[in-house]
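Structural overview for review
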Amino acid sequence: SMLRLLLLWPATMAAVAAVATTAQHFCATRETSLVFYNRIPKAGSSTMLQIIAALERKNGLVWIHSREFTDRSWLTPAEEKDRMLHIIFSVSRGLLMWQRRHPEAGLQEPPLFYDQHIRFINFTQHDRTQPVYINVMRHPVARVVSSYYYVVLGPRDKRKIAVSRALRGSQADLDINQCLALPAEERLCGFRQHSSAGGSDHNLMTAFFCGHHPDCRCLNGGPADCSRADRVQGLARAKRNLRTEYVAVGVLEYLDVSLRLLEQLLPAYFRGASALHRQLPPARVSRHDPRYVQPTAVTRQTLEALLWADLELYDFAVELLRERVRECLNEEELPPQSSVNVTQQQ
């Protein structure tokens, strides 16, 4: 039964979820049967999932794709445990369904791949084995600009677009420059800030890597008593998690080399990923839609001030990628950035 699978997770999935303990070096191939991609919205996750869909067929993955897209809040320990158990249930159900379709496999467990838009969850804190985490980051300004237009222009469900447009009211058709030119408290179009000393926070990527530790409660929102110092603590934890809890964190602007690194570290999952990426058709969004107005220099400055933590974390991730590409792929420098603007990558 599902309940039995849930209760057996620590026993039956310990070998499945653990990173190979014999690997003394971060360049060693990881032997694991569960990879968790807690994907960041508008940071190339649609592109990554296209690649995963192809790898599912090519490499025999079992891909469990979460349909929960709004689960981004900070959680209390009890809430985090509840969310963790829900994820274990989803993975167990996905494995059981695969086993029913492939009775010839017996007790053999295939490579499991789970993705969800959710902050980092610390399984070990709740007496479970940590899955192997991966993620992909994107330049924070490009990510936020992409998100700004995606919400009201798509491509996404027309009903969701209608709801988002209604929330923005008379400001639904403003471009991002017009929106940010308004006083912060009047911005129905986004980037609103409450009047507390700490202000609102828009550093979503930092929140995704920080997770649900008390240090993280002030990131991407947070209660009115939050201060800059609280968010600096959250940023420090996000950096620590990014370095120690993730097998690899790719960068959208360097996606090809990011995929080649994943191919080396997790070959059972990502073998052939970079070649598949080069074969992908162009992104769905029209590059010529006149409504996708790029940010001006003034708007970029405003966004950089709002996204200070994400920018610092992004720079940290790029440096870490550079270090690991040098060490693991024997390439001295990252290749030139790929051309990724708001209308090209979702």
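This structure is a prediction, so every number in the text was calculated from the model and none was measured.

Right, let's get into the environment of Leu-265. Tracing the backbone through its elements, the reader meets Leu-265 in helix α10 (residues 255-265). For Leu-265, a relative accessible area of 0% gives the class buried. Separated by 238 residues in sequence, Leu-265 and Cys-27 have C-alpha atoms that sit 6.4 Å apart. With near-sequence residues (within four places) excluded, Leu-265 lies in contact with Phe-26, Cys-27, Ala-28, Thr-29, Arg-30, Val-247 and Ala-248.

Right, let's talk about the sheet that holds strand β3 (residues 112-115) for a bit. Reading across from one edge, β2-β3-β1-β4-β5 is the order of the five strands in this open sheet, with parallel pairing throughout. Every interior strand has two partners, whereas the edge strands, β2 (62-65) and β5 (246-251), have only one. In this sheet, adjacent strand axes meet at a mean angle of 20 degrees when their direction is disregarded. Helix α3 (residues 45-59) contacts β1 (34-37), β2, β3 and β4 (132-137) of the sheet and is inclined by roughly 145 degrees relative to β2. Lying over the sheet, helix α9 (residues 228-244) contacts β4 and β5, oriented at roughly 105 degrees with respect to β5.

The next point concerns the nonpolar core. Met-48, Ile-134, Met-137, Phe-209, Leu-266 and Phe-270 are the most contacted members of the largest nonpolar core, which totals 76 residues. Per-element accounting of this core gives the leading share, 10 residues, to helix α14 (residues 308-328). Filtering out sequence-adjacent residues up to four positions away, Ile-134 remains in contact with Val-35, Phe-36, Tyr-37, Asn-38, Met-48, Phe-113, Tyr-246, Ala-248, Leu-262, Leu-266 and Phe-270. Core analysis: the second largest hydrophobic core is formed by 16 residues, Leu-153, Cys-179, Cys-189 and Tyr-292 among them.

By the definition in use, this model includes 12 aromatic pairs. Taking the centre distance of 6.0 Å and the plane angle of 40 degrees together, the rings of Phe-120 and Tyr-246 count as tilted. Separated by 126 residues along the polypeptide, Phe-120 in the loop between β3 and β4 and Tyr-246 in strand β5 bring together distant segments of the chain. Just as Phe-120 is buried, Tyr-246 falls in that class too. Grouping aromatic residues by their ring pairs yields a cluster made of Phe-36, Tyr-114, Phe-120, Phe-123, Tyr-133, Phe-209 and Tyr-246. Seen from the ring of Tyr-148, Arg-168 lies directly overhead, with NZ or CZ sitting 4.2 Å from the centre. The lysine or arginine in question, Arg-324, covers the ring of Phe-26, its NZ or CZ lying 4.3 Å from the ring centre.

The phi dihedral of Asp-127 falls on the positive side, at around 60 degrees, and the residue is not glycine. Mapped onto the secondary structure, Asp-127 falls in the loop between β3 and β4. Here Asn-330, not a glycine, exhibits a phi torsion of approximately 60 degrees, which is positive. Considering the arrangement of structural elements, one finds Asn-330 in the segment after α14. On the basis of relative accessibility, which here comes to 66%, the residue Asn-330 falls in the exposed class.

Here we take up the pattern of salt bridges. Enumeration over the complete set of coordinates arrives at 13 salt bridges. Of the charged contacts in the structure, one is a salt bridge between Arg-322 and Glu-333, with a shortest N-O distance of 2.7 Å. Note that Arg-322 is positioned in helix α14 and Glu-333 in the segment after α14, a separation of 11 residues in sequence. Residues participating in the shared-partner salt-bridge network are Asp-256, Arg-260, Arg-278 and Glu-331.

So, about the state of the cysteines. Here is the idea: a disulfide is a covalent bond, and it sits between the sulfur atoms of two cysteines. Taken as a whole and assessed by the stated rule, the structure comprises four disulfides. The disulfide that involves Cys-27 links it to Cys-328, with 2.0 Å between the sulfurs. Given an S-S torsion of about -80 degrees, the disulfide between Cys-27 and Cys-328 has left-handed geometry. In this pair, Cys-27 sits in the loop between α2 (14-17) and β1 while Cys-328 sits in helix α14, placing the two residues 301 residues apart along the sequence.

Scoring rules and cut-offs
- Residues numbered from 1 in each chain as written.
- Predicted model: local features only at pLDDT ≥ 70, side-chain atom pairs only at ≥ 80, totals over all residues.
- Heavy atoms only, no water.
- Helix = DSSP H or I, 4+ residues; strand = E, 2+ residues; numbered from the N terminus.
- Buried < 20%, exposed > 50% of the residue type's maximum accessible area, 1.4 Å probe, protein only.
- Contact = heavy atoms within 4.5 Å.
- Pairing = 2+ DSSP bridges.
- Axes fitted to C-alpha atoms, helices over the stretch in contact; angles between N-to-C directions.
- Core = buried A, V, L, I, M, F, W, Y, C linked by side-chain atoms within 4.5 Å.
- Phe/Tyr/Trp six-rings, centres within 6.5 Å; stacked < 30°, edge-to-face > 60°.
- Lys NZ or Arg CZ within 6 Å of the ring centre and 35° of its normal.
- Salt bridge = Lys/Arg side-chain N within 4 Å of Asp/Glu carboxyl O.
- Disulfide = S-S within 2.5 Å.

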